[in-house]
Amino acid sequence: LAKTTQPISMDSYEGQEVNITCSHNNIATNDYITWYQQFPSQGPRFIIQGYKTKVTNEVASLFIPADRKSSTLSLPRVSLSDTAVYYCLLSGGYNKLIFGAGTRLAVHP
Amino acid sequence: EADIYQTPRYLVIGTGKKITLECSQTMGHDKMYWYQQDPGMELHLIHYSYGVNSTEKGDLSSESTVSRIRTEHFPLTLESARPSHTSQYLCASSVASGHNEQFFGPGTRLTVL
């Protein structure tokens, strides 16, 4: 099964743009790339999903190169409340719901 | 806000007890899931369901069982709890079609003494 690899942790400061990259070298043709955010003692929350190129919504952008072997979540102008764990997920069907280890983002004043 | 609920939020129980973790959603979603997550670790899918009377094992082996008698309800049962079952259990749901967003409940933190 395809797995994802992310940095274990990242640090940033308020107002900066944060880019978190996820590697998924064995991504399958039918896999979508989805990112979730999780705060302590809460369930994950959907941020964004894409298949290829670029997707943007009101909270983030997702960049996916043509080979789809990686993806980058971009959070513009982070605030302290963006401190959380961010998971990269491949979703190709019921039996391929694979969460990465997650990236712990710490936003500092 | 997603309308998916889990009870209890916290449970401390002795070894050998039978427990049921409740999960309900009011969104009419056909797909439902159970994940297990140890502190600071990744989520692992342990059960999922396509719809009523459909249940499947996930990618992580689990001694728990699930049932899906009603669309909105997806309880997880441990017949005999052991300390190795101590973990956080997260329930989620999504619509049936495509690669859709999963809505997660707040989780149940289980401690087996």
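**Quick look at the state of the cysteines**
Residues and elements named next belong to chain A. Within this structure, the stated rule accounts for two disulfides over all chains. The disulfide partner of Cys22 is Cys88, and the S-S distance across this bridge is 2.2 Å. In this structure the cystine formed by Cys22 and Cys88 twists about its S-S bond by roughly -85 degrees; its chirality is therefore left-handed. Taken together, the positions of Cys22 in strand 2 (residues 18–23) and Cys88 in strand 8 (residues 84–91) put the pair 66 residues apart, joining distant regions of the chain.

**Topic: the sheet that holds strand 2 of chain A**
In any sheet, the strands associate via hydrogen bonds between backbone groups, in a parallel or an antiparallel arrangement. Residue and element names in this part refer to chain A. Read from one edge to the other, the open sheet built from four strands follows the order 2-7-6-5, with strand pairing classed as antiparallel. Two strands lie at the open edges of the sheet, namely strand 2 and strand 5 (53–56), each paired on one side alone. Going across the sheet, the axis of each strand differs from the next one's by a mean of 15 degrees, ignoring polarity.

**A few points about the side chain of Asp31 of chain A**
All names here are of chain A. Structurally, Asp31 can be placed in the loop between strand 2 and strand 3 (32–38). You can call Asp31 buried: its relative accessible area is 0%. Side-chain polar atoms of Asp31 contact the backbone nitrogen of Ala28, separated by 2.9 Å.

**What about the interface of chain A and chain B?**
In this complex, chain A contributes 22 residues to the contact, which on the side of chain B involves 23 residues. The junction of chain A with chain B conceals about 1,900 Å² of combined surface from both sides, 55% of it contributed by carbon and sulfur atoms. Counting residues per element, the ones that place at least two in the side of chain A that touches chain B are strand 3, strand 4 (45–50), strand 8 and strand 9 (97–99) of chain A. Per element, the largest residue contribution to the side of chain A that touches chain B is three residues, and it comes from strand 3 of chain A. Classifying every residue of the side of chain A that touches chain B by side-chain character gives nine nonpolar, 11 polar and two charged.

Thresholds, definitions, all that
- Residues numbered from 1 in each chain as written.
- Chains lettered and ligands numbered in written order.
- Predicted model: local features only at pLDDT ≥ 70, side-chain atom pairs only at ≥ 80, totals over all residues.
- Heavy atoms only, no water.
- Disulfide = S-S within 2.5 Å.
- Helix = DSSP H or I, 4+ residues; strand = E, 2+ residues; numbered from the N terminus.
- Pairing = 2+ DSSP bridges.
- Axes fitted to C-alpha atoms, helices over the stretch in contact; angles between N-to-C directions.
- Buried < 20%, exposed > 50% of the residue type's maximum accessible area, 1.4 Å probe, protein only.
- Polar contact = N/O pair within 3.5 Å; in protein donor to acceptor, adjacent residues only side chain to side chain.
- Contact = heavy atoms within 4.5 Å.
- Buried area = accessible area lost by both parts, 1.4 Å probe.
- Nonpolar A, V, L, I, M, F, W, Y, C, P; charged D, E, K, R; others polar.

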